[in-house]
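Here are the chains, one letter per residue:
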Amino acid sequence: MSYPSRKEKAKAVSEKKRNEKLAIFRYVTDIFRLVDTIYRFFRMMLKKFIFTT
């Protein structure tokens, strides 16, 4: 069994950190989409409510 070289290990560590940073952006994007969906839903319901009364 061969062990990873120092260079490969450093590359793996830096890639892991990069993926963690990108995961934060994915979470923020998902939260933004959720808020946007809720906003659109309420806006749609408000329009229906105004035009039906």
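Conventions and cut-offs
- In every chain, residue numbers begin from 1 and rise along the written sequence.
- The predicted origin of the model limits local features to residues at a pLDDT of at least 70 and limits the giving and counting of side-chain atom pairs to 80 or more, whereas totals for whole chains, interfaces and linings rest on all residues.
- Side-chain metrics in this entry use all non-hydrogen atoms of the structure; hydrogen atoms and water are not considered.
- Helix and strand definitions here come from DSSP, where helices need a minimum of 4 consecutive H or I residues and strands a minimum of 2 consecutive E residues; each element is numbered from the N-terminal end.
- Note on method: radius of gyration uses C-alpha positions; expected globular size equals 2.2 Å times residues raised to 0.38.
- Any residue under 20% of the maximum accessible area for its type is buried, any over 50% is exposed, and the rest in between are partly exposed; the area is computed with a 1.4 Å probe on protein chains only.
- Method for areas: the Shrake-Rupley scheme with a 1.4 Å probe, in which residue coverage is limited to the protein chains shown.
- Positive: Lys, Arg. Negative: Asp, Glu. His and the chain ends are not part of the count.
- For this purpose, a charge sits on NZ of Lys, CZ of Arg, CG of Asp or CD of Glu.
- Only one rule defines a salt bridge in this text: a Lys or Arg side-chain nitrogen within 4 Å of an Asp or Glu carboxyl oxygen.
- What makes a patch is a set of residues exposed beyond 30% relative accessible area and free of salt bridges, joined within 9 Å when like-charged and within 5 Å when nonpolar (Val, Leu, Ile, Met, Phe, Trp, Tyr).

*Asks:* In this structure, what is going on with the overall build of the protein chain? I would like to understand it.
*Replies:* A tally of helices and strands in the protein chain yields one helix and zero strands. Here the C-alpha atoms of the protein chain give a radius of gyration of 23 Å, more than 25% beyond the 10 Å that 2.2 N^0.38 yields for 53 residues. Oriented by its inertia axes, the alpha-carbon framework of the protein chain measures out at about 75 × 20 × 5 Å. Within the span of the protein chain, comprising 53 residues, buried residues form 2% of the whole. Only carbon and sulfur atoms are counted for the fraction: they give 66% of the accessible area of the protein chain, which is about 5,800 Å². Within the protein chain, the 5 negative side-chain charges are centred at a point lying 4 Å from the centre of the 14 positive side-chain charges.

*Asks:* What is the right way to look at the pattern of salt bridges in this model?
*Replies:* In a structure, side chains of opposite charge can pair up when their charged atoms sit close to one another. This structure, assessed with the given rule, holds one salt bridge. Of the charged contacts in the structure, one is a salt bridge between Arg40 and Asp36, with a shortest N-O distance of 2.9 Å. Of this pair, Arg40 and Asp36 are both found in helix 1 (residues 6-52), four residues apart, which corresponds to roughly one turn of the helix.

*Asks:* How should a nonpolar patch on the surface be read in this particular structure?
*Replies:* Together, Leu34, Ile38, Phe41, Phe42, Met44 and Met45 make up an exposed nonpolar region whose accessible area comes to about 590 Å². Along the chain, Met45 turns up in helix 1.

*Asks:* Teacher, can you tell me more about the environment of Tyr39 here?
*Replies:* Structurally, Tyr39 can be placed in helix 1. Given the relative accessible area of 49%, Tyr39 is considered partly exposed. Residues Tyr39 and Ser2, spaced 37 residues apart in sequence, show a C-alpha to C-alpha distance of 55 Å.

*Asks:* Quick question: what am I supposed to make of the environment of Arg33 here?
*Replies:* By the element assignment, Arg33 lies in helix 1. Expressed as a C-alpha distance, the spacing of Arg33 and Glu20, which sit 13 residues apart in the sequence, is 20 Å.

These results come straight from atomic positions and should not be treated as a statement about function.
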